[in-house]
Amino acid sequence: MKIVLNGEPREVASETLSGLLEECGFSGRVATAVNEEFVPSSLRIAHRLQDGDRVEVLAPMQGG
């Protein structure tokens, strides 16, 4: 399936948001949005991705 991940076109095999995070190597605490709508961590396993979805994954940064 073709999606846009953090602004970059990507071909992925995962069909759920949680699967996508694992497939792309995201670990730890991250915030996720699909098509500009926030998806809480408790709903990622059930959130099915569609061809063309725009996914944003944000990780907290340390420093100031």
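Placed above this text is the structure.
Residues numbered from 1 in each chain as written. Predicted model: local features only at pLDDT ≥ 70, side-chain atom pairs only at ≥ 80, totals over all residues. Heavy atoms only, no water.

This brings us to the overall build of the protein chain. Within the protein chain, the regular secondary structure consists of 1 helix and 5 strands. Counting from the amino terminus, helix and strand elements in the protein chain follow one another as β-β-α-β-β-β. Relative to the 2.2 N^0.38 estimate, which gives 11 Å for 64 residues, the radius of gyration of the protein chain is 11 Å and therefore close to what a compact globule would have. In terms of overall dimensions, the protein chain has a C-alpha envelope of 35 × 25 × 20 Å along the principal axes. Counting all 64 residues of the protein chain, 30% fall into the buried class. Here the analysis covers contacts within the protein chain between residues at least 6 apart in sequence; of these, 52% occur between residues at least 24 apart. As displayed, the protein chain offers around 4,600 Å² of accessible surface, 51% of which is attributable to carbon and sulfur atoms. Counting 6 positive and 10 negative side-chain charges, the protein chain places the centres of these two groups 4 Å from one another. (Helix = DSSP H or I, 4+ residues; strand = E, 2+ residues; numbered from the N terminus. Rg over C-alpha atoms; globule rule 2.2 N^0.38 Å. Buried < 20%, exposed > 50% of the residue type's maximum accessible area, 1.4 Å probe, protein only. Contact = heavy atoms within 4.5 Å. Areas by Shrake-Rupley, 256 points an atom, 1.4 Å probe, with all protein chains shown as cover. Lys, Arg positive; Asp, Glu negative; His and termini not counted. Charge placed at Lys NZ, Arg CZ, Asp CG, Glu CD.)

Before going further, it helps to spend a moment on the sheet that holds strand S1 (residues 2-5). Taken in spatial order, the 5 strands of this open sheet run S2-S1-S5-S3-S4, and their pairing is mixed. Each edge of the sheet is formed by a strand with only one pairing partner; in this case those strands are strand S2 (8-11) and strand S4 (37-39). In this sheet, neighbouring strand axes are inclined to one another by 35° on average, regardless of whether the strands run parallel or antiparallel. Looking at chain direction, S1 and strand S5 (residues 54-58) are connected through 2 bridges and run parallel. Bridge pairing in S5 places Val 4 opposite Arg 54. (Pairing = 2+ DSSP bridges. Axes fitted to C-alpha atoms, helices over the stretch in contact; angles between N-to-C directions.)

A separate point is the side chain of Arg 44. Structurally, the position occupied by Arg 44 is in the loop between S4 and S5. The buried charged residue Arg 44 lacks any salt bridge partner; its closest oppositely charged side chain belongs to Glu 22, at an N-O distance of 11 Å. Reaching out from Arg 44, the side chain makes a polar contact with the side chain of Thr 32 at a distance of 3.0 Å. (Salt bridge = Lys/Arg side-chain N within 4 Å of Asp/Glu carboxyl O. Polar contact = N/O pair within 3.5 Å; in protein donor to acceptor, adjacent residues only side chain to side chain.)

Now for the nonpolar core. Counting residues in hydrophobic clusters, the biggest one holds 13 residues, and the most contacted among them are Ile 3, Leu 5, Leu 17, Leu 20, Val 34, Val 55 and Val 57. Counting only elements with at least two residues in this core, the list comes to S1, helix H1 (17-23) and S5. Ranked by residues supplied to this core, first place goes to H1 with 3 residues. Not counting chain neighbours up to four residues away, the residues in contact with Leu 20 comprise Ile 3, Leu 5, Val 12, Ser 14, Leu 49 and Val 55. (Core = buried A, V, L, I, M, F, W, Y, C linked by side-chain atoms within 4.5 Å.)

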